[in-house]
Each structure stands twice: as C-alpha cells, then as structure tokens.
Amino acid sequence: MTFKPDPQIFASSIKEVSFGPEGAAVTFGGAGVLPLYSFDAPIAHRPLVGIEISDKGVDRDLPELAAFYDGANTLAEIAARACTAPGADFLSLKLESADPNGDNIPSDEAAALAKEASDASALPLVIQGVDNVDKDAELLPKVAEALQGKNALLLSAKEENYKGIAVAAVTAYGQKIGAESAVDINLAKQLNVLISQMGIQHGNYVMHLGNAAAGYGFEYLSSTIERVKLAALSQNDDALQPPVITPVAGDAWSVKESVVSEEDFPEWGPRERRGIEMEISTAAACLAAGSDAVILRHPSSVETIAKLIAELV
Amino acid sequence: MALKGIDIFKLTPKTNCKECGQPTCMAFGMKVAQGTAQIEQCPHMSEEALAKLGEATAPPMKSFKIGPADAELSLGGETVLFRHDKTFVSKTLFAVSADEAGADAVMAEAAKIDYERIGERMRVDIIHLEYAGDTAAYVEAAKKSAASGKAVILSVSDEGAAREALSAIKDARPVLNGANPDNREAFAALAKEFGVSLGVSADSLDALHETVQALEKDGVKDIILDVGTASIKSAFANAVQIRRAAIKSGDHSFGYPSLVNVAKLAPGDAGMQTALASLFILKYGSIVVMEGMSYAQALPLFGLRQNIYTDPQKPMTVETGNYPLNGADENSVCAVTVDFALTYFIVSGEIERSGIPVNLIIPDAGGYSVLTAWSAGKFSAGSIAAFIKEADIESKVKNRNLLIPGKVAVLKGELEENLPGWNIIVSPGEATSLVKFLKELDAA
Amino acid sequence: MKKLFDRVFDGADEMYALAEKSIAEAMDELGADAPLAMPNTAYYLANFLSYTKRQVTTVGGLAEAFEEAKAWNTREDNTSGVFKTGFGVFMAAEAIEACKYARGADPYEGNYHGHLSDAEVRELGVPLVTNDIPGFVVIYGRAPSDEEAVDIIKGYQTRGIFVFLLGEIIEQARRRELNMGFPVRVVAVGPDIWQVAHIISFVNRAAMIFGAVQPGDRWELDEYTFWRIHAFVNVYEPVSDLVVSCGAGAIAMGFPVITDDENDMWPVPKTLLIQKDTRRFIETSLEARDIKLKITNVDIPVAFASAFEGEIVRKPDTRVDYDGSRFDSFELVRTLEAHEIEDHRIEVFGPDIDETPEGEKLGIGFIAEVAGKNMQKDFEPVFERNFHYFVNCAEGVMHTGQRDIIRVRVSKAAFDAGFRLKHLGEILYAKIMSEYDTVVDKCQVKIYTKPDDLKRLRAEANEVYDTRDARLKTLTDESVEVFYNCILCQSFSPSHVCIVTPERLGLCGAVSWLDAKATNQLNPQGPCQVVTKERVIDPEIGIWEDVNENVVASSHGNLESVSLYSIMVDPMTSCGCFECICGIEPFSNGVVIVNREHVGITPLGMTFPEMASMTGGGVQTPGFMGHGKHFIASRKFMKAEGGSARIVWMPKALKDLVAGKLNATAKELYGIENFTDLIGDETIAEDPEKLMEFLAEKGHPALEMEPMF
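Rules of the game
Residues numbered from 1 in each chain as written. Chains lettered and ligands numbered in written order. Predicted model: local features only at pLDDT ≥ 70, side-chain atom pairs only at ≥ 80, totals over all residues. Heavy atoms only, no water. Axes fitted to C-alpha atoms, helices over the stretch in contact; angles between N-to-C directions. Helix = DSSP H or I, 4+ residues; strand = E, 2+ residues; numbered from the N terminus. Parallel < 35°, antiparallel > 145°, perpendicular 65-115°, else oblique. Contact = heavy atoms within 4.5 Å. Nonpolar A, V, L, I, M, F, W, Y, C, P; charged D, E, K, R; others polar. pLDDT = per-residue confidence, 0-100. Salt bridge = Lys/Arg side-chain N within 4 Å of Asp/Glu carboxyl O. Buried < 20%, exposed > 50% of the residue type's maximum accessible area, 1.4 Å probe, protein only. Buried area = accessible area lost by both parts, 1.4 Å probe. Polar contact = N/O pair within 3.5 Å; in protein donor to acceptor, adjacent residues only side chain to side chain. Pairing = 2+ DSSP bridges.

Considerations on the packing of helix 4 (residues 79–101) of chain C against helix 8 (residues 196–210) of chain C
Working note: a packed helix pair is described by the angle between its axes plus the distance between those axes. All names here are of chain C. Helix 8 packs onto helix 4 with a crossing angle of 110° between their chain directions and a minimal axis gap of 8 Å. In terms of axis orientation, helix 4 runs roughly perpendicular to helix 8. Across the interface between the two elements, Phe 90, Ala 93, Glu 94, Glu 97 and Tyr 101 from helix 4 touch Val 196, Ala 197, His 198, Ile 200 and Ser 201 from helix 8. When the residues that make up the contact of helix 4 with helix 8 are grouped by side-chain class, the tally is six nonpolar, two polar and two charged.

In structure tokens form, the structure reads like this:
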C-alpha cells in the first residue's frame, strides 16, 4: 500500500499586509495552509525578516556586531548599514530613548529620529515604540506624522491606547500598525475587533501576540500563535486573520543566557555567540509556530533565518 | 478516539476488590482513561474485555525505549499534533554525530554539556556514529560511545559492519539506523537478532511507507523513520506528513518516531543547525542529529524543548524557598511572588536588572500566575504568612519589609495581621515598572 | 413674525451678494488666471470640493464654481431646500475668504487663525474620532459680559470641548487676557460670520480624511457629520438673518444651535434651542448633542488606587465607624428618568464626619441614582456589588459587606486630610460614570446618617432587594430570549467555554446569567457574548443547534456540541475553576458531589483534586462535570438523567449550605420532604458499600431509578 498524502488546504487564508514606500514595499501574509507547509500548497508570500537597530546606537561590546557597524556612527549611518545586512527584508527602529523609564526624550525629538532613520533606509521601515502605553499613545502618532508617505509599520497599539494610535497612524497618515496583546488568543481577537470598529480595514494592521525567548515561557507564545493560525484558517475567524509579527530581538538579547559575561560563565563561551543562537532558536521556533515576520538584531542571525525561510518556502 | 473512563468502567468486574490499588472500579476506569493507571493492573479483566480495550486504546504512534537500561530514553507515543491539545509525550532527543575517526573529539565535546534547568538534567542524549568505511575503527568507536553511558545510534547501511558493531555493543541497546528498500530483509533480520530498534530511510514517502510495511511483515517492532537529507524542504515536509498521517489519518505504518539529521542538512553551519533543531522541536522531530553541540546552542535548544514539552494545562513551577538576588543578605528587603516559572523569571529578571539586593520569597502557589493563584485561594495572606513561618524566614532575614505584587494589593491588610512586625509594601502592578520602583524605594 | 425659512433665504441672499462682490473685485484686481488656494491643504477649497466635486485653483475657476453654487440658493420652502441653501451659504462664505487668501498667505496677519491647515485637521481630527476630545463648539456673537465670555470658554475647556470663536466674543476674551491658541484648544477663527467657512472646511476635510467620504457624496457626508462629528453652535443675541442662514447649514450637518435670542426664532427640539439663561448654555448644549464627558479622576483629598484595596482601618485608627451590624445601614443603586437627576449632585443628609464624636459608631446609607438610555434595572445589583471595590480604593477608607449588612470605617488620617461624607459620593459618582459609561448618562448620590432616615430607607431598600430576588426566581431558561457564553478562563483552559443560563450559573460560581448579561452590555467585545437559543433540538437534554454553533466558534473548534442538562451526553466542559464536581456513583445509580474545600475521599474512591484532574481542561468527560454550588438546587441540574434526586452523597458542609434550596426543589419536583436527610456525607460513609447500606436504609429515590448507562 502506498502513502496517501492528505494536504490541509483551507478555504480561508491569512490577510495580506504590505508596508514600505511605493515601489519598495514588502508584503506578508496570504497563506492558505499551516505555517511553512508549502508542500500542501504554494504559499503566497514567504515570512519576512527584519533587522533591528536602536536609536541609542550599537552594542559595540559585541565584536562581530561592532565590525558590521564599523564606521557607522550616526543613526542615519547605522540605519543605512543595517539595510545592507544579507537577508534583511525590512529595518526595525526601536525608539529606546523615548522610554519614560530611561532617557525619556520628548516624542517630537523621537519622531525626528525616526525620520532620520527612515530617510537613510533603503528598506521598508518598522518603528517600535517604548512599550509604555501612555508614551506610545503620544509618540506613535508623532512618528506617523513625521513618516508621511513612507507607509511604515508602527508597533504597537494595545487595548489601552489603540484608538489614538490606530486613527492617527492609519487613517490620518496612511501608515500600518501592529495590534499587540498579551499572549492570549481571545485578547488578540478582542483587540482586532475593536480596531476594525474604528473603521480600520484588513490590510492595515498586523498582530503582535507577545514575546518570549526560548526557555522562558515560550510555549505560551508558540501555542497562542498556533491556535490563532488554526482559528484563522480552519474556523475562518476573520478577526484572527491578520499576519503575525514577532519582535524576537528584545527578549532574546535580555535573557540571562545572552547577558552574563564570559568571565562569570567561562564554560558558556563568548556572549555574542550565545545571543545569536538564542535569537536563531527563538526565531525559528516562532516561524514554526506561525509568525509571518520576525525581527532580529544580529546580522548573522538575520542571514541564517532568511536562509532557513528561503529553503522552506 | 480514546475511550472515556466510564466505558472502561463498564468492562471492569465492578466488584471494588481494590486489588488494582484503587479503592473503586470507577476510580480505576477513570485513571486508565487518564493514562495514570494501566489496564493490566486489574487481575480480573476478561479476555474479551482486554481485547476490546487493547483495540480501542491502541495509540496512533508506537512508543519504545532505546539506550542502556540505566539511562534509557523514550521515543514516540504522541497522540496530538499541537501541544495545546495535550502534552507531547516523548521529548525530542539530541544526538551529536561523528564517524569512526572523529568520535573521540565529539564525545569529549558533548560530555561538557551537562547542567540542570528547572529540575531537568540537560545533556546530549545520544552519540550518532556514522560509518565511514573502516569497520574495525567503527567497532572501537561504537564501544567507546557505549561506554560513555549515552545511547548510541549506529548509522550504517553495510550489513557486515552493522553486525560487528551490534555484536560489540548490543547490551547498550543501540539504534541501528541504515535500513533502506535495498537492504531491508537483511537489516530486519539484524534488528530482530540483536533486539534493537531499526532506522529506515527511502527516497520518497511512498517508498518509505512500503518499506515500513514490509518491515512490519518481517516482524520488526520498533522502527524509526529517517526523514532524509535530500533538502531542508523535503526533510521538513516528510517530518510533518509522517506525523500528520499517523495522528490525523490514523496511518499506523507511519506511527513511528522520526529522525532528522540536521548535521547533513546544513553541514558546517552551526547557526542553521540550531535553527533546524528548533524547527524540529516544534514540528515532529523525535531525534535530531547535529554535528556537535556548543553551550551557546545547548542553552536555547534545551530551554525551548523544556518549554514545548510541558503540560498545556499545568504551568511550569520553580521550587519554593528564598532566593537571595543581587547578593541579598539578612538586611535586604524581602519580596514575595508566586511559584509560576514564567512569573518568577520575569520578576527575578527585573530585580536583577535593578541591581538592588532583594530576598525573593517563593511560596507554593500552585504554579499559577499572581491573579489566578490569588483567585484560586493559593496565594492568600494566610498561605504567604504560613510559608514565611514554615521556611523560617524570620530567623534568617532581619529586614521586615515585604513587597507584595501590586495585583494583590488587596492582601495588604490581612498580611499585616498575619505577619505582625512586618511592613507590607505594595509594588507596581506590572513587572516592567519594578526597576524604577526598587531604585526609588532604595533611595528613600 | 418672520418665518424661519424666509430668514434663512434672506440671509443666504446677503451672503451670496457679498461673495459675488468679492469675486468681482478679485477678478478685476488679479485676473481670472491668478492662482487661488488656501494654504497648506491638498483639498482645494474644501467646501466647494465636498459639495460640488470642483477643484478650484484660480480666481476664474472660483467664479465658475460660484455660478454653479448659485443653484444651491434654492428658496425652496421645504427642509431639504433650506438645508441645501445652508450648504450654499458655506460655499459663498468660502468664496469670500478665498479671495482674501488669493492676495496673500495670511490675510489676518496673525490676529486671527483663519484657515486650518491639513496638519491641524489631522491633529484635531484624531482626538475627535477617538472621543478623547468629546466634541467642539462654535461660539458666535457677543456674550452678555466679558466675564461671562471667559467663563463659558473656560467651562468648555475644562470639559475637554474644543472651542472655535467667531465675532465679538474674541475681543471680549482678549480684554480679559484669556490664553488662546491651538494647543489650549481655543481658536479665535475670525471677526466675521463668514469665517465660519474655515470651520466647515475643517469638518469637510475631516470627513474626507477620517471617514473616507468621497467629494460630492452628500449622503455619506451627512451621515458622517451627524454621527461622528460631535459639534454644536452657541450664538448670542441678536441673531441676524445672515447668521440664521449659517445656522441652517450647521443644523443640516447635525449640529444643534443654542441661542438666547427669541425674536423670530422657532425652536426645534434637539436642533434649535432657545436658552434664555446664557449661563446654562453649556449644559443645554451637551445634552442637545448627547455629549457624555469622560470622568477620569476621583476628586477626593486622599489617594485613590487599587493599591489601597486591601488596607484595613484598625479600631484605634478609626475616626468614625459606620457599623451596619448594629445600626440601620444599606447601599442601593436606583434607576430614574434622566430629568429626575441632576448630574454630579451629591447630597449629605444628617451629621457629617466632623459633626460626629471621634470613635463613634453609627449607621450609614447611600443611594446612587442613575439614568441612561441603555440603563437596565438588571444592572443595579452589578453596580452595587462593586461599591465595595470602589470605596476600598480610597486610602484610609474601608468597606465590607453588601446590601444592608455593610460596614464603612474612615481613618483619622483620612479625616485629617479632609475626607468627608461627600467624598464617598464623589467616589461613587466618578467610578459609576467611568466604569459604566456605556450605560449610565447621569448620576447623583445621596448619603444618609440620621437614624430615622436610615430606618425608613433601609426598609425601602429591603423591598428593592426582595423584588430583585423575586425576579431572579422567575428567571428560567425558558423565560429568557438568549443565553450568554463566558470565556474568561480560556487564558489557561483554551478550549473551555461556559454557557450561562438563568438556571445554570458559570461553573466557577461567580458568573450568573445577569452578570453575564451586564458584562456583555458594558463591554460588548468582552468575555461574555450573546448565545441565541432559537433552534431547539432537545429541550429535555438541553441541546440547541445555535448553542452548539456558538460552542464550536468560541472553543475555536475544539468542541462540537454541548447538552446543558445532562452529565452523560456531551456534558459541559470545565476549565478547572469549578466550585464542585459531580461524578456518577454506579452502584446506587446516583451521583456524588464534592466541593473544592473538601479534603477527604469520596465514595467514588477519588478526592476532589483527583476528580478535578480528570474533569478539567475543557474536555468532555461523560459521567463527570464541574459546576457551581448554586447549580445543585437548580431544576435543571442533570435534568436529563432525572435531576437532583440522583444526588446520593455530598460533604456535610456543602449539604448544609444548599439544604434550604435543594429541599425546596426536591419537594417541588418529587414531593420529597427534607431530601437532604437521604443524602450521605463523610460522617456517614466514605466508601460505596457503607453508602449503599445507608441509602437502602433511607430508601433513597436514586436506587429505584434507571441506571444511567
């Protein structure tokens, strides 16, 4: 008896979202099969990989990273250099200086930084806020205004601040937004419904279902993404069909494994390698669960994950 | 469809004889259905009932053990495709690969990875020995590998070499990986003769399926399906389709554990091997063979595996106790939170980031998050106070300031009553505000 | 008296004449080919664009467009003719203003704001769309005094309303040195009525940007301005025909006009209102436009945060102790008609805290009276139960209990900080208005401390409680139109869904049908959703086609069907937070119920945790089911298998708890007196053999019933 394949092809599909300026935009979403199951049916758009930079500069304690950004000192130079990383589909700027628990620079200044990076970037742009609902509510509309015409993707709008961010970014300035909820399928759905009630149509927002690094409660994230994809495809749940973006870098580079020094843990080896492997492992697992885009910090991780995607899809 | 407890109860003698160790036949039936009791424990089941049960409870995927008796490893037995449906059963095993020449070096490297993470010992599970043509050296390498105490996979499709290696280390219960449509009969005989599990590969899923069926006819019981090394794409497609056929379509010929050789899929590229290993932890790799494993790779991979192979209904917990952070001593402030591992990691991470010494006290809170534990009554003023007394914190720490999570501010008053002499301080509701809060508290 | 419509038409003629003159002068001076545009906009002359789709770029183009606009000055003696005229007036006004801008970028040289840039439209548009700015007002004319001018502007400012000023009021405000400008949300648009064109241009562009309204689509534009732009107009007397014609346009867009001028004015409810008392313009206006203000802070002299929720005010620290266990006390929510309530009125009847000796014990009662278009009496107990949390959040104030067994303590520290009884009212007012803003439009609070009042009002309150309890009794699964689901637990039990019915509360015991209903109405996207029950399959077992459809969707495909009244056929799943589990006891044909608190073993040979591990996780386990304590006495409790007569064993504490109601149900259904006497407990038997002896001796009805499987 021969093997009878039983492909799972769904009548519904993930919504497509494009961002980036006209002529240079990238598109993700669109799949009508489970994540990476290109053997069941062709997948419209492969998952995307973004390279993350911070407005606070580059961690030059990491030798490989320092070498990659050698000579790039201003934000514009760093942004331009990041865009040359092999495999990077988009640039993601984290506006760290605006964090109220940190430097807390005014939103106008942060928006100007976003503009500076954007003007220097050859790739479509994602802007990551500061993960503080009040500051993001003020900051992201300013960024949206500063980046008119760039069709940038702004992360993120949460339940506490989605109204202002959604209306300003999408309706007033034609940008895209990420709807962020805390690793829970129902919260994600609820936020999407609320956003759609503001008159924001599919194609203008993506989902950000939370973060976790491998080993740190990652099962909650992966199971949530898997359940969201299953509901979107098999239940045709319209409110769970936007593509999923997962910023991996932040968590991957802040867990103990990527933070402690080689002096303290000599058997663990160089810190940079640990951070890269943590990024790679987490990103690959996110893609397996169903993320349609991941954001990584190290050019070496970006290259590996881009290659993995190219091999699979 | 698994049998419900009540259906199993119907087949019991209904005498409550207690010989199975359960007080009632009902309890026994429920536990068999749950998988915490075995049907064989009932001495009074009729043949007819056993046959009926055996058929209905036959798992969609075979499970068996490999490796030496004192360190045996489980494979297979999965019943679902997604962990949110039910806990995955046999965690992905990691093998490092070498040929007869490189075995010593690889074994020495692999031995370095050995540490504990949340109660689980993390080490390379298996030595994967690739036959390169020198039979005598191969047999020697096999012996050394077996002596290392780890399980061994003999990756060899040469019958003669296979026989010699098997003869040398059969007591270590190695896996013989090397059967294919051409050598099937001979390898089936070897597997039976030495009582080992047999890895099989073929050029296509069709051919693999047919070969497995032939092996089953040959009488081979424990089979491992090698997903092949033609390309990353085909290895992934095969791993998914094999598992899906077994679980979703009930195709018993594909109801066996899988083996993915990422060493051959991405030779010389450690990063890509990490990526592939991570992919196959989620998507159906039972054994993942790598070229080697550094700590940098082991840390995320073992962490990821530990996460994925958890009970979706039951959260991971950390041990109860007092965790002195940032060099906390008896004069440092105390803080309390729940034993849910995720909460612990987040809270301890933020405290570490603040640099302020804190005694982080973790009582038994049933492994729930703060609010859930509180609403389930497992994180109450009474239980916190009881733990502080029981763990004798008061004689170990002189500081009488206790920080409680902002989400359970409601406990403040009651805690003050239950813990006379303590000053209860309500912390922020979100861990992200902890650094700032602790610094301000420290400055005040 | 001159007819209102005639005033509109005469005013329109005036505006058109002014426009005609302006255009003629511009043609002479600048020529037809001279460029003409408003600064910093991509929307040409937005009023012309919106109404006629014309993209005016030159003086000549304006002249042409204006010829077409003349047709809008209809003199048609009907509503649609008048409304169209109003729009025509806005084009004429825009023409006048455009001619000024054709001569230079800023005709007002910074003295007035004039035209709003697209950036300003976006900046102001976003908070208007999100309701962070609840609306805007256009004030025209001369206020009765400079002082009053400032008061009304500040009054709107403090309520978060954006203010556009036209005409003399600007000078009045300037004389009083009022700070004006975009950042403080007060904009001096211009000295004449025709500068209204800039405000209308703002509205029209907002509709195109935020509402995707296409130029020329009058119907969409009307819809958008009526529903989405919460604007209104205040005009001081005297009101000229010219101003009336602009008012017609405002009204056409759905913006009510409020004035104190009675001459030749024809009031229309909700649309054109005469308020002689100009000091009440704000109140009248907000009500006319249905603008509800957001309450964000609680105005009390002590801190207010959930961090103080668990604080206990101890006896030595207590300034006053309102003790419901010794003195008549109560708390109550009452629904009234909107006109019966003065929003934010807080009254204290009887001695306040400072008029009470230190440490004194006495009684207290508070009544929150609410009104709202969507308010329902069923929400009253839901609000009331939350008083406890609201009051506790104040630092130094403690609240326990509910209904007429409450206790409130105020600490000495809170008293010294200035806390008085009216602040209790402030807390209740602010929390009710912010937490329940979807259903409550107005609220006032009354606080009583005199024994006579308390005695009388407590009796009244008790009548209300009794009525509510009686209503609960009449609520049956058959008497209601819909059920609700509850997916609160899905964060840790992803496939579980509770179907909550009047006779079957959520298995956690915390969510009744009324709670679910209120949760749904207060938060329509929240965890409780309506479940229809129109297509019945089996009323005995409790199966509905539409309930099953909902279960499939809300469990994300994990469950296919649920029977509400059976524990054998597709029983409802459990998340893990059930109060009780019942499981079948095969030897007696009955069921055993065990509650979470019970630590011992049951006659099934299993403890609560063992049974819980088999029943939880959103999996259907025939023969076992999690449920709330109050479900035990329900007539729907395993109705399909014969109902509560099947219960053969319960822990004693649980049996005592439910005895009253369960015995009543058993009497009604089976005619059995004191049914709980027939039920075993841990003091009687912990194994099936002994239990059987007991049941046989008592003649328990389950023994005679059909086996369940």
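Now that the structure has been shown, the text picks up again.
Some thoughts on the confidence of the model for chain C
Overall, the predicted model of chain C reaches an average pLDDT of 91, with 99% of residues at or above 70. This prediction of the complex comes with two scores: 0.81 for pTM and 0.97 for ipTM.

Re the pattern of salt bridges
All names here are of chain B. Counted according to the given criterion, the structure contains 94 salt bridges over all chains. A salt bridge links Arg 305 to Glu 120; the shortest N-O distance between them is 3.5 Å. Residue Arg 305 is located in helix 12 (residues 295–308), and its partner Glu 120 is located in strand 5 (residues 120–123); the two are separated by 185 residues in the primary sequence. In this pair, the class of Arg 305 matches that of Glu 120, namely buried.

A closer look at the interface of chain A and chain B
Contact residues are listed per partner, giving 49 residues for chain A and 51 residues for chain B. Interface of chain A and chain B: buried area, both sides summed, is about 4400 Å²; carbon and sulfur atoms make up 63% of it. Per-residue buried area on chain A facing chain B is highest for A:Phe3, A:Phe39 and A:Glu219; these three make up 16% of the total on that side. With its nearest N and O atoms 2.8 Å apart, the salt bridge here joins A:Asp40 to B:Arg244. Counting across the chain A and chain B interface gives 16 residue pairs in polar contact (both at pLDDT 80 or more). Mapped onto the side of chain A that touches chain B, the elements with two or more residues apiece are helix 7 (218–234), helix 10 (271–289) and helix 11 (299–312) of chain A. Here the element with the most residues in the side of chain A that touches chain B is helix 10 of chain A; it accounts for ten residues. Taken together, the residues of the side of chain A that touches chain B sort by class into 27 nonpolar, ten polar and twelve charged.

Digging into the sheet that holds strand 17 (residues 530–532) of chain C
All names here are of chain C. With antiparallel pairing, the three strands of this open sheet are ordered in space as 16-15-17. In this open sheet, the two edge strands, each paired with only one partner strand, are strand 16 (498–500) and strand 17. Between one strand axis and the next, the sheet turns through 40° on average, direction left out of account. The sheet contacts of helix 16 (residues 513–522) involve strand 15 (482–486), strand 16 and strand 17, and relative to strand 15 the element is tilted by about 80°. Where helix 17 (residues 545–554) meets the sheet, it contacts strand 15, strand 16 and strand 17, and its direction lies at approximately 140° from that of strand 17.

Concerning the pairing of strand 6 (residues 126–130) of chain B
Residue and element names in this part refer to chain B. Of all five residues that make up strand 6, five are buried, and the element is covered over most of its length. Both faces of strand 6 are covered, namely the face carrying Ile 126, His 128 and Glu 130 and the face carrying Ile 127 and Leu 129. Relative to strand 6, strand 3 (residues 93–99) is paired through five bridges, and the arrangement is parallel. Bridge pairing links Ser 97 to His 128 in strand 6. Alignment of strand 6 against strand 7 (residues 151–155), held across five bridges, turns out to be parallel. Considered in strand 7, the bridge of His 128 is made with Ile 153.

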